[in-house]
Each structure stands twice: as structure tokens, then as C-alpha cells.
Amino acid sequence: MSMELDVFVGNTTIIYEEVYQLWLDGYSVNDAVKMRKENGALSECEASDDVLQSDTMDQYRTFQMCERLLYSPSKLANQLLFQIPAHSQTMLIERYYEFDHNFAREVLGKKLSKGTKKELDDISLKTGIALRSCRRQFDNFRRVFKVVEEQRGPLVENVQHHFLLSESLAKDYAAVVFFANSRFETGKRKLQYLSFQDFAFCAGQLISYWTVGAVDNMMEDMDVDLEKEFLHDLKELKVLVNDKDLLDQHKSLVCFQLREKIRVFTEMEANFKNLSRALINIATKLINTKDVRDLFIDLVEKG
Amino acid sequence: MPGKLKAKIVAGRHLPVMDRASDLTDAFVEVKFGNTTFKTDVCPKSLNPQWNSEWFKFEVDDEDLQDEPLQITVLDHDTYSANDAIGKVYIDIDPLLCSEAATVISGWFPIYDTIHGIRGEINVLVKVDLFNDLNRFRQSSCGVKFFCTTSVPRCYRAVLVHGFVEELVVNEDPEYQWIDRIRTPRASNEARQRLISLMSGELQRKIGLKVLEMGGNAVVGYLQCFDLEGESGLVVRAIGTACTLDKISNTHTSASATNPCNSSPSKDMKEAGFGEETPGVPLSSGPPTPLRAQTFSSFSPSKSYSRQSSSSDTELSLTPKTGMGSGGSAGKEAGPLKALLRQQTQSALEQREFPFFTLTSFPPGFLLHVGGVVSARSVKLLDRIHNPDEPETRDAWWEEIRQEIKSHAKALGCHAVVGYSESTSICEEVCILSASGTAAILSSRFMQDGTLDTEHRFEDLMPPGCGFCHIPYDELNMPFPAQLTYCHCCRRYKVPDVLFTTIDLPTEANITGKGCLIQARLCRTKKKAQGEGNATAISNLLPFLEYELHTQLMNKLKLRSMNALFGLRIQISVGENMLLGLASATGVYLTALPSPGGIQIAGKAPSDITYEQHISNMQKKINDTIVRNKELYEINPPELVEEVIGSPIPEPRQRSRLFRSHSESSDEVSELDLSHGKKDAFVLEIDDTDAVEDIHSLLTDAPTPPGFYSCNTEIMPGIYNWTSALQMFTSVRVFRLSNVNVTNQGLNKVFNDLCENLLKSLYFKLRSMVPCCLCHLNFTVAVPEDELIQVAVTAVAMSFDKEQSLENGRQIVDKTLMKAITENEEQLQFPLELTAESSSSAFCSAKGLSEVSGPLPSARDRCSSWIEQLRLKAHTIRRGSIKTMSSLEKASPLPEGRSRSLRSNRSYAGGSVAVVKMTPLSFLPGTKIIKYLGIINMFFIRETTSLREEGGVSGFLHSFIAEVFAMVRAHVAALGGNAVVSYSMKECVFMENPNKNQAQCLINVSGDAVIFVRESEIEAATPQPHSASAHTSSSGEGT
């Protein structure tokens, strides 16, 4: 004897965040039931295991049906299938697109292709994030990347506009997209100590100062790509190493700017010449794609 | 050519990708009505096409307008091969034919395909230009309004209630035609959907004609059902109550605007007003209608009161064509019986061949007495319908059953049947027809032509809270051993000890404590058989099934210490090898009726000590449960002082102070108390297995979790302070029995557990709405296959304010006031009230109001809503807990509370989908329905050949139900509405074949599309006179 069919459909679709998170985290129905039980769901309303199982199944089904809509979040607001309160819609979208920084760190700078998708097994093992969740996060990256890759205008705003995400989340996505597009190498052992947030900060800076959009807002700006001309111009920086006067001037200006702003100021001041030379050497080589990719390695190794 | 239908196709969105190569679609649209088809241009390579077509015009008869749906097909253009259909939209244009309903249909409709479900949306604009047609012999009945609501719709006033209308049409089921073997499932499903749509249109039109003939302008309590008889055809039948309705804002504005109740919400005034609003029961005035006299002449007391007078018709119509020599085809207007009646009475009642009313709640003063439940069942063998134009067989079958119901009602001394409904259960070629209702005596007030008879209105004022409980039958001729006592409210008239009804609890009824859902569930095995043998077997089983259901109900009622059932609905479903019986009702403690005795268990010969112990244990358990239930449902009736068995002689007695329901009982009887004639405890013998089973099922019913209540009536008796948070839901479960040898007991347990677990699951899912009540819990059971049991539930969960529910002391007062409100002034005669209780100050303020709002465009509407608002205010002021209530509503993390914010947050992400609420009830708490836009009656088929891929049977049905909701909402929104009331899912037929990876499901839903406004919004929009605002300012948001 068994339950052949068991559904519950409400006119208003109510999303229970707790269960949604379990689903997003890639737990199977049975695991989710276990987790909910541990969290004391049974004490509510004198529920039994069956009730919890049935409820979890129902919600998982609802999430699966909603997932299709979440691929392009703007659809969620004007679809007719589910009547979802606005704040739940926001929550659904935001949570769906949230990602684990550990995971993002692993795929940062990699090509968001099918090939990388095959590596998800390993990433899942390494990070302890369920494979299902890894897939979702990876697919989100790909989806966002695909949409904003070719778009003009500020990257963060594009992400926010198209995926209705909060600003902080959109910034993180911008970093992911930026890294994926420029294919910065981040996987080397030497870079392992850097977190996703570290890279995201760098990405933010690069987007703000080094991209086409940063240089000229009016142009056919693409926040995604580094400005070629700008990189080319970096060659000129050699004078800062070669010319003693300029070097000193540069040093005084930098020191003036950074005084009392960084902890290692004295070391920096003492070592300025070496540091500057290393940086400028890196900068002048950025004309090659290969070197652009190795930017962070170079910075860590030679800086 | 009296009508022009115009349609315009605006745009599409979210279309599916039809061309894999380009990931795009070349969509165009075909618009079809009747035999005329128009096409739009192809909008190439777009998933969001903008057609912006011209107006397609169809010039058609209004008969066709009523029957036919507008059919919109979206296709993908293909240069080389046939165009692929994306999906269809059927739009019922009936609402546009009624001047008072919608004027335009405009909005996004889901594009539906019976194989793929919803595939994108299409924006359509539809209008109708109707030319007046005064042709007397016309076939159409445009303008007759239809309501699913089983009470007088909220913004109308009943002028006359004409009575029962019914009709049925039959056809061959396309699924079973020879052509079905060669056409695709899609084509077959579409043919079926279209046919049913046509048939319901035709049915509605024919019923409309009958209504016009009777002189009415509306059908209330319209109930349409499908019988999928398989090989033998498809029957669509409908019943309803013909009425003449008056829109309130049009006729009684001036009168209501000067109603003094508004400005003087003092208790005395209110109650005085109330006393007049609810006319006394003119008992001394003799039989109120000629019909009643007639019924009394043939009074044949034979049936047990309050027990259903039921019978199972074992007579088989094997040769239906020759059956029913009397030819009393109910569908035809000229049966001989009818002719006879016509000769006898020339009054307005002449049309009332069957004095049946599908209403379940009534204008005040309409329902005088209630006799008890009457029901009739009959088992028939289906035969192919040979001539669809002559559905005489089916008509004859129903005619038979209705006659039986009528005679049962007569036996109870009643001239009418209210809360009447009909249903069928079909398995292979056997069909069980059932009808049930509540025998009652009605006031002639709404049944006579011309003006209402006002002379009786103030005569013999009886405490209205108990009037309907007083027995309608003759005490001396009482044929059954019932225990009558004097009414515990008025102490003047006799009441029975238990009352079973199919109607909603009358708003004026006095009750003690709260009510609860009571279900009797029964499963009986049946040998597999064919044809006549099968029918006989079923017929033989039916009476036992009904008897046992009844016993179960009675036991459970007593276990809860209650004495009346409302909304009783008994469903018997037949399968190949079993019969399922499910009786649902809402139990209450009617203050007027005596307190029920306990339950006593008696064993067989007391030889065994352990057995004795077992019995006494059980007895203890039962007694404990009764005590617990009394607490749970807050039932503290007056203490029983003395037992006087069987002698209903009134004796003066000191009234117990516990007796709370004294607010309406008059002073002179307040010193009286009656011997209740406390009955012997209900004795249960557990000699046989059946009784053991009974007791088990009694004790296995889990109590509802704290904070939850449940009922199957419109609202929970005893709860009045609803918040606006609500959630309508449908839940379906199918259980597979795998044991080959199932016993009756085993089956019973399975079925019982299935229902109990389903309820538990519902409570869990809706836990965020606590404190809340599941209202209108409507269970439907079916046996779709040999070893499957299907249970479907549709209900609404409504939150209420807890604070209020604790204030028992105020309950009665509240109720009185609530009554004044819910029975709403709409239905009352304002001029009368005015003369009775007008005060000069009231006049002033009211006049002030009409001046203020006079120049406003919709002043009249506003006036009347303003009145209601004020009444609510008056009501809430005295409740005292409004503050908590409104704050609760705002703070509550509840679904509808949220959806409100959705509406206000329109700016969010371009969210342009309007929120549409759905409820099986006839109202939405905290709101006022300002317009009825027409009936929603939709039929969908969904089929899949990739069941596993769609998430198995649960995934398939889950998405289908969600799609059905979406389509209902879209249609309502397109009509300009924001809610569906009286929503019901009448049919949910699910068939699967997992081996073939296939499943099919048919769903039929109906309801009334309405526009509602929040009372808080009315308040904001309407200027208020000083006197009123002084009161209301402190009261916050009303219920």
C-alpha cells in the first residue's frame, strides 16, 4: 500500500525559506526531511514524518517548476502560473543567484564552458558543496556571463537590471564575469591564499579604472574588456624606472598619497624602487594576452 | 443578427521556441467563433510578438453568443510543413452579454495546450455590441445573471425567489467516437473541451430561458455537473434557484443613506433595529403558502426525523427508453404532473413542481423551520444515449429522485427543500444518482408576486435565534420516537434533540462555543460483477452504508458534545470492488437544542473480567474525550439539573447563570428552565465487530492542532473576527491498495488514515496562518481504478484574530451585530426601518452625507458601501479589541498580507500581474464585493505521454492544478475582477498508465468573478459625517 500521488497547490504560492535553502544547497528530499527534523520542524503542528516528507516533496516540486522562471528573473514578475508575493519573488531570485565564495574562488578566471562543468565533481569534493548546488552556481555564472558579455554600459548595473539582484550580489557577479572574460589565472598554488573577496575587490578596481567603460562612458563601452589602448600606453611607464627624476617624483607622489594609509608604509618607502620596477615591468608587458592572464601571478611573484 | 462580437489580438509573450534552428518562433493567431475564422499576420522570429491586429468582427445570433466560446489558437508558421499549434485560449463571452457584468475582456491569457500545458501568454481584447431583441420567441436568454454563490449575492437584494430550475443536455463523448482511433490525443482533447464548453453554454442558455419564463432575472446557487458516462455518452446537467434580484445601489440608496443605525450605534438602538430587521416568525398566521396547505393534506409521516429519510432505489431501468410511462420529463415544460399542478394552483407557486432551493443561506426571515436532511439515491444501468436531442431517460431518472425527495420532505411536514444538491458516481456502466437537501418551511415573503407581505413582519416576535430549530412537523402525528423538548431559547416551541441539515448555519442562530468538522468515513468491499448483478449488489449495500455513516456521524457528534450538523454532504463513490462513503458536516452546539447525552458502551455477557476492564477502559477514554472536546470547543451549556425522561412538560426552574445566550430571550421566560429530558446516554454495543470498528474510528480522529479550526460550511460558527489573510488551496491524494485480500476493516482503516493524514498535512502546511480556520473543507472521493482511492480537497484557510475569540462574554452581542451586518441591510426594507427608528440627528448626519457625496460620480455606490462601513464600525467599536486586530493584520507574515504589498509595490521589477484572490466562500473577509462580473465555468483536459519526465503523477497533477488556477485568475483579471468567490473544483478525474508513461486528467472548476474593495479603502475614499468619524477614528480597520 502506498501513496501514489500527493499534491498541494495554493492560490498563493508560499515559499518557506528554510526549505528553499535546503533545495538550493542540493539536498535530496530525504536529506532535507532529516535536516528539517533536526531543526525541530516536527514539534510544529504535531507533524509526523509522513507529513514532513509530503510537505518537502511539494515544495521541492514547486521550486523545480519555478526554476525555469528563475533563469530570466524578469519573467517571474509577469508570469501567470504562480501567484507569488513580491517580497517572496525577490527572495527567490536573490537566493537562487547567491553563490558560495569557496565555489566561486575555484572557478574564478576559468572559461565558463562545458569543459569546466566537468570539473565540478572535483570542486564539489574539494569544497564540500553538493554537486547539485555546484551545478546551479556554475550555470548561474554562465547564464549571467552570456547575457552581459555583449552588453554595453556599466557591468554591475547590467547584471542588476537583468537579474534583479541586489547591488552587492551584482558586484560579485561582475567580478566573476570580469575574471571569466579576461581569463585571469587564479588557480596557481601561490595565489591560493587569496580569497574570492580579495579578487572581487581587484576586479572592482580594474572595472572602474582599466576598462573601456571606465575610460570613456560615451563610447561603445564594454565594462567587460580591458581597454587595449590603455594597456598599450602602459609601455610609456618605463620612463618611471629609467628616468631618475621621474622616479623620485613618482615616489614622492605615491608616498604622499599612501602615508598613514597602509601599515607597511615604511617598508614600502624603503623598497619603493624595487617595487616600482617590478610593477612597471609587469605593466609594460600587459600588451600580451598571456601576460594579462598571469597578471595576478606576476603581481604576487614579482611584486 | 442581434450581436456583434469584436476581438483584437494585441501581443504575445514568453512563447515557446518552435524552431530549434533559430531558437525563435514565427507566430500567428487564428481567431474563431462559430464557423468564422480570422487570422493575424505572422510575426516572424519573435518569442514576444506584437500583432496589434485589427478588430476582427463576428456578426452572430445572441443564441450563438451564449453557446459558443471565442476560440483563439496560436500557431507557428512553417513554410514547408503544416503549421504547428502552440496552444489555445477559450474565452467565454457570456459575462459580456449582461449589462451589469463586465463590459470588456482585456488581458493576458495563458496559452494552453492539452499536451504541453501553458506555453506563453497572449494579450487579447474582446467586446460585444448587443442589439436589443424583443422577439418573444427568442432562443437566447442574454441578460440572465448566473451565480455559483449559494446565497443572495452580496450586492443584490432578493425581491422574489422563484424556485428550482434544472436542465440537462447529453451528447456523445468525443473520446469514445470511432474517429478517436485515428486522431491525435491533442485533437481528441480539444474536441472534448470544445464540446463541453458548447454544452455548458447551451445549458446555461436553456436555464436562462426557464428563468425568464418564470419572471426572474438571475440564477443563484447555479450548480453544473458533468457525468462522463463513457461509452454511453456525456451528460451536462445543472440545477439552480431562479430569483429576481435587485442591485442595491440602484434602488435603495436614498433609503439606506438615511438609516439611523449608522449614526447611533448604541446597543439599544441596534438591537431594536435588529428585531425589526429580522421579522418574527408568523406561526400563528397559519400556513404561509398554498403549497404548504397542499403538502399537509398529503402528510404521510413515515420517516425518522433528523435521520436522513433515505432510500436506495433498487429498481433498474434496463430499458430506459420505455421507462417512466408518466413521461414526467423534468426538463420539458409540459409534463402531465405539471399540468395537474397548474390546474390546482393558479398562484405564483404554480411553477414550483419541485419546491427545491439550491441556496444554503437565506435572507433573514426566509427560513422558518428546518425539518432535517432528506436524501434519495438510485442505482441505474447506463445505456447508450440514442438521441441526444431527447435526453428523456436521464431526465426521468432525476425526476424520480426529486419526487422521492419531495415526498420525504412532506413526511417531515415541510413544503420545501433547501440546500438541495444532486450528484452522481459512475463506475463502468453503473451509475449512482444521489440527491439531498434539507426539508424546511419557508416564509412566503420572497415567493409571492408583487410586494412583500409586510403585515406578518412584526407579528409574534419570536427569538429569531432559535426559530428555525422548532419542529415543522405535527407533534401529535409524529411517527418516529423522537425526543422533543421545549426550545432552550424561547421555551415555547418544541425542538428535536439532534438536527442534521445540508445548509449553512443561519446567521441568526444561537450557538454555544465553536463548531468543528465532523467526518464519517466508510469503505466497503464489493464483489466484482457485471451489469445488472453489479447494480443489484450496489443497491443492496447502499442502505447499510448509509446507516453506518449516519451512526458514525451521530457518535462523533456526541463525542464532541454537540447537537447539530450543518452543511452535511454525503458522498458515495462506487468502484469495481468497493464502495466508499464519506459524510462531512460541521458540528455545532445549538443553544436551542438540548445537551446531548454521553456515549455509553455496553458489552456482551459480562463473563470475562478482562473484557469488562477493556470496556471500562474504553468508556473512560470516551468520557475523557468528551470532556476534552467540551473544553476545546468552548461548549459550556447550562447545567442539567434534573432528568425527566421523555416528558417534554415545561417546569419552572431556576436558570443557571452559566446560561449565556440570554441576550435575545425575552424577560418573561428568563425565569423558566425546562427539563431537558436528559436522554439515556447513547448506548453503543460492542458485541459485534462493527461496533468495535465504530469506537475505534471514534477515538482515532486526531484533534486539530492548537490554533486550528476546521469546518465545511462557509464560516466557522463561533468565529467572527476574520483578518483578511486567506489562502485557497487544492490538495489531491491517490492511495494504492496493494493487498489483494482487503477486508472491510482494513479498508476502513486505510481510508480513515488517508483522510486524517491529509488533514494533518494541511494543518502543517498552513501553520504560518495560525490562528486560522479551514473553511469550506470540501472533500471528494473517487475510486478511479481497481485499487486506487482518490481524495481531493479544496478549501480556504482564513486567519482570525485570537484576542477576540477569547472574549466569550461578548460573543453573543457580537453575533447579534454581526448578523445585522452579514445579513446586510441590502436585503432589508429600509423605509420600514426608517419609520420605526429614525431620529432627527440621524437624519441630519445622513443628509449631510448625501450632500457631500452627491456630486461625486459614483455617489450611490459609495453611499451604500459607506453605510455598511459604518455598521461595521459600530460593530467593531463595541468589540474592544480592534487595535490588536489591525496591528496583527499588518504584522502578520501571511500570504495575502503580502500580496497586498505586492499590489502597492507595483513598481517592483515591472511586476504587472494583478493579484487575484480565490475562495470557495461567497465573500472575502474585510472587503466589500462591489460588482459581480459573471460566472467562471471552465473545463480543462491535460494529457501527457512523458509522465516520468514531468515529475511523475504528482509533478503532472501539481503543474496542471497550478495551470488551472492560473487560467482562472487570468480570466478574472481580464474581466476586470480581482477575486473569485464561491470557487469550487467540481471534477477532478485522474487516470494514469505508468507502464505506458501516460496520464490524463480532467478538471472542471467554477466560481463567480467579482470586484472587491477593502473596507479600509472605502473608508479612505468616502467622506464621513462627524458623528460617525468620531466613533470610527479609534477603531482602526474593521473586520
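Residues numbered from 1 in each chain as written. Chains lettered and ligands numbered in written order. Predicted model: local features only at pLDDT ≥ 70, side-chain atom pairs only at ≥ 80, totals over all residues. Heavy atoms only, no water.

Some details on the overall build of chain A
At step 1: Helix and strand content of chain A: 20 helices and one strand.
At step 2: Computed over C-alpha atoms, the radius of gyration of chain A comes to 24 Å, more than 25% over the 19 Å expected from 2.2 N^0.38 for 303 residues, which places it beyond the range of a compact globule.
At step 3: Long-range contacts, defined here as pairs at least 24 residues apart, represent 62% of the contacts in chain A between residues at least 6 apart.
At step 4: Surface summary for chain A: the accessible area is close to 15,400 Å², and the carbon and sulfur share equals 50%. (Helix = DSSP H or I, 4+ residues; strand = E, 2+ residues; numbered from the N terminus. Rg over C-alpha atoms; globule rule 2.2 N^0.38 Å. Contact = heavy atoms within 4.5 Å. Areas by Shrake-Rupley, 256 points an atom, 1.4 Å probe, with all protein chains shown as cover.)

Considerations on empty space enclosed by the protein
Residues and elements named next belong to chain B.
At step 1: A complete count under the given rule lists 18 cavities of 30 Å³ or more for this structure.
At step 2: Volume-wise, the second largest cavity comes out at about 470 Å³.
At step 3: Of all the elements in the fold, those that place two or more residues in the lining of the second largest cavity are α1 (62-67), β6 (84-91), β7 (105-113), α2 (185-214), β30 (927-944) and α20 (952-974).
At step 4: Ranked by residue count, the leading element in the lining of the second largest cavity is α2, at seven residues.
At step 5: Taken together, the residues of the lining of the second largest cavity break down into 17 nonpolar, 10 polar and six charged. (1 Å grid on protein atoms, 1.4 Å probe; cavity = no way out; pocket = protein on both sides within 12 Å on 5 of 7 lines; lining within 4 Å. Points joined across faces, edges and corners; volume = space filled by probe spheres on them. Nonpolar A, V, L, I, M, F, W, Y, C, P; charged D, E, K, R; others polar.)

Overview of the interface of chain A and chain B
At step 1: Counting residues at the interface gives 45 residues for chain A, matched by 66 residues for chain B.
At step 2: Linking chain A to chain B there are four salt bridges.
At step 3: The salt bridge involving R736 of chain B is made with E4 of chain A; its shortest N-O contact spans 2.8 Å.
At step 4: Taken together, the links from chain A to chain B amount to 25 residue pairs in polar contact (both at pLDDT 80 or more).
At step 5: Elements with a minimum of two residues in the side of chain A that touches chain B: β1 (2-10), α3 (49-70), α4 (74-78) and α5 (86-97) of chain A.
At step 6: Here the element with the most residues in the side of chain A that touches chain B is β1 of chain A; it accounts for nine residues.
At step 7: Of the pairings in the sheet, the one linking β1 of chain A to strand β26 (residues 722-736) of chain B comprises eight bridges and is antiparallel in character. Within the sheet, the bridge partner assigned to D6 of chain A lies in β26 of chain B and is R733 of chain B. (Salt bridge = Lys/Arg side-chain N within 4 Å of Asp/Glu carboxyl O. Polar contact = N/O pair within 3.5 Å; in protein donor to acceptor, adjacent residues only side chain to side chain. Pairing = 2+ DSSP bridges.)

Quick look at the pattern of salt bridges
At step 1: Under the criterion given, the structure shown has 39 salt bridges over all chains.
At step 2: A salt bridge links E963 of chain B to R942 of chain B; its shortest N-O distance comes to 3.2 Å. With E963 of chain B in helix α20 and R942 of chain B in strand β30, this pair connects stretches of sequence that are 21 residues apart.
At step 3: The class of E963 of chain B is buried, set by a relative accessible area of 5%.
At step 4: With relative accessibility at 2%, the residue R942 of chain B sits in the buried group.
At step 5: Taken together, the shared-partner salt bridges connect R36, D55, D58 and R61 of chain A together with K765 of chain B into one network. (Buried < 20%, exposed > 50% of the residue type's maximum accessible area, 1.4 Å probe, protein only.)

Remarks on unusual backbone geometry
Residues and elements named next belong to chain B.
At step 1: Cis geometry is found at the peptide bond from V770 to P771, where omega equals -5 degrees.
At step 2: Topologically, P771 is positioned in the loop between α12 (744-765) and β27 (772-782).
At step 3: Positive phi values are uncommon outside glycine, yet H14 reaches one of about 55 degrees.
At step 4: You can call H14 buried: its relative accessible area is 18%.
At step 5: Even without glycine at this site, K45 takes up a positive phi of about 45 degrees.

Considerations on the sheet that holds strand β28 (residues 788-800) of chain B
At step 1: One open sheet accounts for five strands, arranged β1(A)-β26(B)-β28(B)-β27(B)-β25(B); its pairing is mixed. Whereas interior strands pair on both sides, the edge strands pair on one side only; in this sheet they are β1 of chain A together with β25 (708-710) of chain B. Strand-to-strand twist across the sheet, computed as the mean angle between neighbouring axes with direction ignored, equals 25 degrees.
At step 2: Where β25 of chain B and β27 of chain B come together, three bridges link them in parallel fashion. Bridged to F708 of chain B within β27 of chain B is C772 of chain B.
At step 3: Against the sheet, α3 of chain A contacts β1 of chain A together with β26 of chain B, and its axis sits at roughly 60 degrees relative to β1 of chain A. (Axes fitted to C-alpha atoms, helices over the stretch in contact; angles between N-to-C directions.)

A closer look at α3 of chain A
Owing to its 3.6 residues per turn, the α-helix brings residues three or four apart onto one side.
At step 1: Between its first and last C-alpha atoms α3 of chain A spans 30 Å; for 22 residues at 1.5 Å apiece the expected length is 32 Å, and the two agree.
At step 2: For α3 of chain A, a buried count of 16 out of 22 residues is recorded, marking the element as mostly surrounded by other parts of the structure. (Expected span 1.5 Å × (residues − 1).)

Considering helix α10 (residues 609-632) of chain B
All names here are of chain B.
At step 1: The first and last C-alpha atoms of α10 sit 34 Å apart over 24 residues, in line with the 34 Å expected at 1.5 Å per residue.
At step 2: The set of residues buried in α10 consists of Y611, I615, M618, Q619, I622, T625, I626 and N629.
At step 3: Phi turns positive, to about 55 degrees, at E634, one or two residues after α10.

Some points on the packing of aromatic side chains
At step 1: Under the criterion given, the structure shown has 40 aromatic pairs over all chains.
At step 2: With a centroid separation of 5.9 Å and 20 degrees between ring planes, the pair formed by Y20 of chain A and W23 of chain A is classed as stacked. Of this pair, Y20 of chain A and W23 of chain A both sit in helix α1 (residues 17-24), separated by three residues, roughly a single helical turn. Here Y20 of chain A matches W23 of chain A in class, with each residue buried.
At step 3: Ring geometry for F965 of chain B versus Y983 of chain B: centroids 6.2 Å apart, planes at 80 degrees, classification edge-to-face. (Phe/Tyr/Trp six-rings, centres within 6.5 Å; stacked < 30°, edge-to-face > 60°.)

Quick look at the packing of α3 of chain A against α12 of chain B
At step 1: Contact geometry of α3 of chain A with α12 of chain B gives a least axis separation of 9 Å together with a crossing angle of 60 degrees. Relative to α12 of chain B, the element α3 of chain A lies oblique. Where α3 of chain A crosses over α12 of chain B, the handedness of that crossing is right-handed. Residues V51, L52, S54, D55 and D58 of chain A of α3 of chain A touch α12 of chain B, and the partners they reach there are K760, S761, F764 and K765 of chain B.
At step 2: Per-class residue counts for the contact of α3 of chain A with α12 of chain B are three nonpolar, two polar and four charged. (Parallel < 35°, antiparallel > 145°, perpendicular 65-115°, else oblique. Left-handed = near helix turned anticlockwise from the far one by under 90°.)

Description of the packing of helix α10 (residues 155-163) of chain A against helix α11 (residues 167-182) of chain A
Residue and element names in this part refer to chain A.
At step 1: Direction vectors running N to C along α10 and α11 enclose 120 degrees, while the axes themselves pass 8 Å from each other. Compared by their axis directions, α10 and α11 come out oblique. Once α10 is placed against α11, the crossing between them reads as right-handed. Along the contact surface, α10 presents L155, V156, V159 and Q160, while α11 presents E167, A170, K171, Y173, A174 and V177.
At step 2: Its residues assigned to classes, the contact of α10 with α11 shows seven nonpolar, one polar and two charged.

Some points on the sheet that holds β30 of chain B
Residue and element names in this part refer to chain B.
At step 1: If you walk across this open sheet you meet the four strands as β29-β31-β32-β30, and the pairing is mixed. Each end of this open sheet is capped by a strand with a single partner; those strands are β29 (917-918) and β30.
At step 2: When β30 meets strand β32 (residues 998-1014), the two strands line up antiparallel, connected through 16 bridges. If you follow I935 over to β32, its bridge partner there is D1008.
At step 3: Docked against the sheet, α2 engages β30 and β32, running at close to 145 degrees with respect to β30.

Re the state of the cysteines
At step 1: Using the criterion set out here, one finds zero disulfides over all chains in the structure.
At step 2: As a non-bridged cysteine, C523 of chain B has C755 of chain B as the owner of its nearest cysteine sulfur, 9.7 Å distant. (Disulfide = S-S within 2.5 Å.)

Focus: the confidence of the model for chain A
At step 1: Looking at chain A, the pLDDT average stands at 82 and 91% of residues meet or exceed 70.
At step 2: Taken element by element, chain A is modelled with least confidence in helix α13 (residues 212-215) of chain A, mean pLDDT 57, and with most confidence in α1 of chain A, mean pLDDT 93. (pLDDT = per-residue confidence, 0-100.)

A word on the side chain of N937 of chain B
All names here are of chain B.
At step 1: Considering the arrangement of structural elements, one finds N937 in strand β30.
At step 2: Under the relative-accessibility criterion, N937 is labelled buried at 17%.
At step 3: Among the polar contacts made by the side chain of N937, one reaches the side chain of Q224 at a distance of 2.9 Å.
At step 4: Of note is the side chain of N937, whose polar atom sits 3.3 Å from the side chain of N1004.
At step 5: When sequence neighbours within four positions are dropped, the list of residues in contact with N937 reads S200, Q224, K986, N1004, V1005 and S1006.

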